[in-house]
Amino acid sequence: MKKNSKGAADASPCKKERLMILDIKEEALAAASRWQDLFYNLHRCPELGRKEQRTADMIRRRLEELGIPYVPMADTGTMAVIWGGRPGRTLCFRADIDALPIAEDTDLAYSSQNPGVMHACGHDFHTAALLGAAELLQNRRRELAGTVKLFFQPDEEGDGGAARMIAAGCMEEPHVDAALCVHVESGIPTGTMTVKAGPICASSNPFAVTLRGRGTHGAKPHLGTDVILAGAQIISALQTISSRRTSPAEPVVVTVGSFPAGEAGNVLPEEAKFTGILRTMGGEARERVKADFRSIVSGIAAGMGVEAEIEIFESYPGCRNDPAMTDLVRRAAGKILGLRAEPTLRKIRHNRAQSSLTDPSERARNVRDVYTVPHPERVKGRRFLLVDDVCTTGSTMAACARTLMEAGAASVSCAALAGEHRRKGPKNGADAPENSAKIKK
């Protein structure tokens, strides 16, 4: 065993890591009630995308209390930086901050006080957990080998917000080498975190199809062209994209969520419209599914004598977790939560790729990315129960940051994750005032 300058024996790397994890857990437990109060306050005051001013104020106040410098970005977004005391690469964490247009129907003491708006997707939890992790990391900033950026992202449920923050320069000065994101999910015991290398979240393409024909009275259908019947045939046939045109081993989801048409029960309308979303894991499948969609809609519409206007919109690319980063996150999270083999609920598990959507993929275009899913028992919707576990998630995020930075994972040349989905966007700093993303050290 090596000795330090005073002749005392230095602790082994493994022992140092165990002591570091224990220290993080103890501090997180001591701060748990404070973090929980922050979560309750965020949940009481939900705000829709691009309107999260009160939420942004709460975040910025807390950053000021912690002594963490920040800059407003993308209107209600915020970027903060924790400068480490030792040289190294740059890691970023992201939390989304907006709520959903849902009326909360719970009897929680901290239920929404904003009628018709609710944190039903866990963004209040994400924000509180990231602020908790920020506190732990700020208190250890002299020990950090590198820099940690904190992104509080607006309007994830709307335009995504991430692209606007990237355009404003959040990924530069210093350049972000690795990104970590988390999202709450239901169905797995509280205290469990799932993580998986490779594809983890679907790419998405929302669509809208407008059918136009010749309206007529219901008693004389032969004099018109039935856009409702055509739409029904098309919607049924679209399910063959996943059931007959795609391998059973490949995840593809075609969803039609709305189909408004007509105003009277005895009249065939001139127009009908249905909307929905295509979900794939990206790459060739994404392009093939879009082509199949167009072929089915236009073919059936033509055969039934109606005109079809097809709109397919580009949205998030799929998210792929970097394998090396995933292994490091699994190791770090396992130190806090316990491994799956241990007799405890605080476990880390492998996760399946899922067709749900979020936008860490925007950051993953040029950096090594890991997207993980903690499970505090939240169900998306107007009624839910949440087992409050901000302490565990925040401390896990901090431990992941420490482990990744010590391992030098971010020093490896950046992999082009999801490269096949890459699309050109505005250059860093475009559409933003000069130096808007700079925070002086």
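Note that residues are indexed from 1 along each chain, following the sequence as it is written. Two thresholds apply to this predicted model, a pLDDT of at least 70 for residue-level local features and 80 or more for giving and counting side-chain atom pairs, whereas whole-chain, interface and lining totals are computed over all residues. To obtain the side-chain values, all non-hydrogen atoms of the structure were used and water was disregarded.

1. As for helix 8 (residues 323-337)
A run of H or I in DSSP counts as a helix once it spans at least four residues, and a run of E counts as a strand once it spans at least two, with each numbered from the N terminus. Multiplying 1.5 Å by the helix residue count minus one yields the expected span of that helix. When the terminal C-alpha atoms of helix 8 are compared, their 20 Å separation across 15 residues agrees well with the 21 Å that a helix rising 1.5 Å per residue should span. Any pair of nitrogen or oxygen atoms within 3.5 Å is treated as a polar contact; in protein, a donor-acceptor pairing is required on top of that, and neighbouring residues in sequence qualify only through side-chain atoms on both sides. A distance of 3.3 Å separates the backbone nitrogen of alanine 324 from a side-chain oxygen at the start of helix 8, and that oxygen is part of aspartate 322. At the exit of helix 8 stands glycine 338, carrying a positive phi of roughly 90°.

2. A look at the environment of glutamine 153
Mapped onto the secondary structure, glutamine 153 falls in strand 4 (residues 145-153). Accessible area is worked out with a 1.4 Å probe on protein chains only. A residue is then buried under 20% of its type maximum, exposed over 50%, and partly exposed in between. The class for glutamine 153 is buried, based on a relative accessible area of 0%. As for glutamine 153 and alanine 95, which are separated by 58 residues in sequence, their C-alpha atoms are 6.0 Å apart. Engagement of the side chain of glutamine 153 in a polar contact is seen with the side chain of arginine 94, the distance being 3.1 Å.

3. A closer look at the environment of glycine 146
Positionally, glycine 146 belongs in strand 4. Each C-alpha atom, one on glycine 146 and one on arginine 86, is 6.0 Å from the other, the two residues being 60 residues apart in sequence. The criterion used for residue contact is that any of the two residues' heavy atoms lie within 4.5 Å. Contacts of glycine 146, omitting those with residues within four sequence positions, involve Ile82, Trp83, Gly84, Arg86, Pro87, Gly88, Arg89 and Met405.

4. A few points about unusual backbone geometry
For the bond from glutamate 173 to proline 174, the omega torsion is 0°, close enough to zero to count as cis. With respect to the helices and strands, proline 174 occurs in the loop between helix 4 (162-167) and strand 5 (178-182). Phi is positive for glutamate 173, which is not a glycine, with a value near 55°. Positionally, glutamate 173 belongs in the loop between helix 4 and strand 5. Overall, the relative accessible area of 47% leaves glutamate 173 in the partly exposed class.

5. Overview of the nonpolar core
Among the buried residues, those of types Ala, Val, Leu, Ile, Met, Phe, Trp, Tyr and Cys that are joined through side-chain atoms within 4.5 Å form a nonpolar core. Leu91, Phe93, Leu150 and Phe152 are the most contacted members of the largest nonpolar core, which has 57 residues in total. No other element matches helix 1 (residues 13-44), which puts 10 residues into this core. Residues contacting leucine 91, with those up to four places away along its chain left out, are Thr147, Val148, Lys149, Ala178, Leu180, Met325, Ala401, Leu404 and Met405. In this structure, Val227, Ala301, Val306 and Ile312 belong to the second largest nonpolar core, which totals 23 residues.

6. Examining helix 7 (residues 283-303)
Here helix 7 is 21 residues long and its end C-alpha atoms lie 31 Å apart, about the 30 Å a rise of 1.5 Å per residue gives. Taken as a whole, helix 7 has its buried residues at Gly283, Ala285, Arg286, Arg288, Val289, Lys290, Asp292, Phe293, Ile296, Val297 and Ala301. Where helix 7 is buried, its residues meet strand 8 (203-212), helix 5 (227-238), helix 6 (240-243), strand 12 (271-280) and strand 13 (307-312). Glycine 305 occupies a position one or two residues after helix 7 and carries a positive phi of about 75°.

7. Here we look at the packing of aromatic side chains
Working definition: rings of Phe, Tyr and Trp (its six-membered ring) pair if their centres are within 6.5 Å, and the pair is stacked with planes under 30 degrees apart, edge-to-face with planes over 60 apart, and tilted otherwise. Summed over the entire model, instances satisfying the criterion amount to 7 aromatic pairs. Taken together, a centroid distance of 6.3 Å and an interplanar angle of 80° make the contact between phenylalanine 207 and phenylalanine 274 edge-to-face. With phenylalanine 207 in strand 8 and phenylalanine 274 in strand 12, the pair connects residues that are 67 residues apart, well separated along the chain. Accessibility assignment for this pair places phenylalanine 207 and phenylalanine 274 in one class, buried. An angle of 45° between the planes, with centres 4.5 Å apart, marks the rings of phenylalanine 207 and phenylalanine 293 as tilted.

8. Here we look at the sheet that holds strand 13
On the basis of which strands lie adjacent, the open sheet formed by 4 strands has the order 10-12-8-13 and antiparallel pairing. Each of the sheet's edge strands pairs with one partner strand only, and the pair in question is strand 10 (253-258) and strand 13. Across the sheet, the axes of successive neighbouring strands diverge by a mean angle of 25°, strand direction being ignored. Of the pairings in the sheet, the one linking strand 10 to strand 12 comprises 5 bridges and is antiparallel in character. Note: two strands are recorded as paired if DSSP finds a minimum of 2 bridges between them. Throughout, an axis means a line fitted to C-alpha atoms (over the contacting stretch in the case of helices), and angles, computed between N-to-C directions, take values from 0 to 180 degrees.

9. Quick look at the side chain of asparagine 205
Its place among the elements puts asparagine 205 in strand 8. Among the polar contacts made by the side chain of asparagine 205, one reaches the main-chain carbonyl oxygen of phenylalanine 313 at a distance of 3.0 Å. Dropping the residues within four chain positions of it, asparagine 205 is found in contact with Ile277, Leu278, Arg286, Lys290, Ile312, Phe313, Glu314 and Ser315.

10. Comments concerning the packing of helix 3 (residues 123-138) against helix 10 (residues 390-407)
It is at 8 Å that the axes of helix 3 and helix 10 come closest, and there the two elements cross at 50°. By the angle between their axes, helix 3 is oblique relative to helix 10. Considering the relative orientation of helix 3 and helix 10, their crossing is right-handed. Here Phe125, Ala128, Ala129, Leu130, Ala133, Leu136 and Leu137 of helix 3 come into contact with helix 10, specifically with Val390, Thr393, Gly394, Ser395, Met397, Ala398, Ala401 and Arg402. Put simply, Ala, Val, Leu, Ile, Met, Phe, Trp, Tyr, Cys and Pro go in the nonpolar bin, Asp, Glu, Lys and Arg in the charged bin, and everything else, Gly too, in the polar bin. Partitioned by chemical class, the residues of the contact of helix 3 with helix 10 number 11 nonpolar, 3 polar and 1 charged. Roughly parallel here means an angle under 35 degrees, roughly antiparallel means over 145, roughly perpendicular means 65 to 115, and every remaining angle is called oblique. A clockwise turn of the near helix away from the far one marks a right-handed crossing, whereas an anticlockwise turn of less than a right angle marks a left-handed crossing.

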